[in-house]
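# Structural overview for review
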Amino acid sequence: MSWLQAAPLALVLGLFLIFPILTIVVVSFWDYSEFALIPDFIFDNYADLLTSRVTWSIFASTLGYAIAAWILTLGIGFTVAYFLAFHVRSLTWQIVLFLVCTIPFWTSNVIRMISWIPVLGRNGLVNTGLMRLGLIDQPLEFLLFSDFAVILAFVHLYTLFMVVPIFNSMMRIDRSLLEAAADQGASAWRTLWAVIVPLSRPGIVIGSIFVVTLVMGDFITVRLMSGGQGASVGVMMSNEISLLQYPAAAADAVVLLLVVLVMVFGMLRAVDIRREL
């Protein structure tokens, strides 16, 4: 009877996950013209994708965004989680500070991205403040509509996805282990690297999976914060869909899915999530 209990979940996964993915895979082998899709079984879409230098550079750009966002969100997320877990003793204050971290998620991602424009713009708060202090003679152009702005927006949007799982892992750490490390003469930094970081690996891996997968599939952040100058696989697929090139976009999606799965598999090799949790 166990299969009956699993049947509803299997049905939901089949209809809303497996079937859409299979549909994308099938469409990726179709042909197309300017005005129609042509059911077929050809490899032209994959050949065009894998032999184009532009496509390779776009994938490299997307990977660069993911790596930069991962490094920054990991650093900020680990620091925030460490502070909440080990330096805030009161449960009430932990809850209050955690809610403060979640408040930005009460608004739309687009609104949060747009809010950076008056801050980073040519006549924005940052440039105006730096010029009044005499630190610069003219506005810094790289602050907005650049890769810097894209990565900043990614960090702003996705850091909480790193904070939550790391904080959860840290709260599971037996505090007697920290006391034992201190009794053995370990410094705070030694305890951090030898005890806290290894025991926080499940949260780090889960947060990394969240951040990397979200950044790799994003397109609106790149398009908006780069001013249309940045490139990512998501933007490329969006442009192809707007031109009714659905098979080409489907092929891009399949390759992107494979790349992300390889990255996730590599992260999961670093820690046995089931055993650690």
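Residues numbered from 1 in each chain as written. Predicted model: local features only at pLDDT ≥ 70, side-chain atom pairs only at ≥ 80, totals over all residues. Heavy atoms only, no water.

Under an unreviewed UniProt entry, the chain has the name ABC transporter permease and belongs to Roseospira marina. Its UniProt record gives the chain a comment under Sequence similarities (unreviewed entry), which states: "Belongs to the binding-protein-dependent transport system permease family. CysTW subfamily." Taken directly from UniProt, the Subcellular location (unreviewed entry) text for the chain runs: "Cell membrane". (UniProt positions renumbered as here; feature names shortened; annotations may be inferred.)

## Some words on the nonpolar core
In terms of nonpolar packing, the biggest core is built from 61 residues, with Phe 78, Phe 154, Ile 166, Met 170, Ile 196 and Val 215 touching the most fellow members. By residue number, the principal contributor to this core is helix H8 (residues 147-171), which donates 12 residues. (Core = buried A, V, L, I, M, F, W, Y, C linked by side-chain atoms within 4.5 Å. Buried < 20%, exposed > 50% of the residue type's maximum accessible area, 1.4 Å probe, protein only. Helix = DSSP H or I, 4+ residues; strand = E, 2+ residues; numbered from the N terminus.)

## Focus on the pattern of salt bridges
For the structure shown, the criterion picks out one salt bridge. Between Arg 122 and Glu 141 there is a salt bridge, and its shortest N-O distance comes to 1.9 Å. Taken together, the positions of Arg 122 in the loop between helix H6 (117-120) and helix H7 (125-132) and Glu 141 in the loop between H7 and H8 put the pair 19 residues apart, joining distant regions of the chain. With a relative accessible area of 48%, Arg 122 lands in the partly exposed category. For Glu 141, a relative accessible area of 52% corresponds to the exposed category. (Salt bridge = Lys/Arg side-chain N within 4 Å of Asp/Glu carboxyl O.)

## Overview of the UniProt feature "domain: ABC transmembrane type-1" (unreviewed entry) in the chain
Taken from the UniProt record, the annotation "domain: ABC transmembrane type-1" (unreviewed entry) applies to residues 59-267. As annotated, residues 59-267 comprises 77% helix and 0% strand, and the C-alpha atoms at either end are separated by 19 Å.

## Topic: the UniProt feature "transmembrane region" (unreviewed entry) in the chain
If you check UniProt for "transmembrane region" (unreviewed entry), the listed places come out as residues 7-30, 58-84, 96-117, 142-167 and 246-268 in our numbering. As annotated, residues 7-30 has a helix share of 88% and a strand share of 0%, and its two end C-alpha atoms lie 32 Å apart. Span residues 142-167 is 81% helix and 0% strand, its end C-alpha atoms 34 Å apart.

## Describing the packing of helix H4 (residues 91-102) against H8
How two helices sit against one another is set out by the angle between their axes and by the gap between those axes. Interhelical geometry of H4 versus H8 gives an angle of 160° and a closest axis separation of 10 Å. Looking at the two axes, H4 sits roughly antiparallel to H8. In this structure, the crossing between H4 and H8 has a hand that is left-handed. Note on element contacts: H8 touches H4 through Leu 160, Val 163, Val 164, Phe 167 and Met 171, opposite Gln 94, Phe 98, Cys 101 and Thr 102. A class-by-class count of the residues in the contact of H4 with H8 yields seven nonpolar, two polar and no charged. (Axes fitted to C-alpha atoms, helices over the stretch in contact; angles between N-to-C directions. Parallel < 35°, antiparallel > 145°, perpendicular 65-115°, else oblique. Left-handed = near helix turned anticlockwise from the far one by under 90°. Contact = heavy atoms within 4.5 Å. Nonpolar A, V, L, I, M, F, W, Y, C, P; charged D, E, K, R; others polar.)

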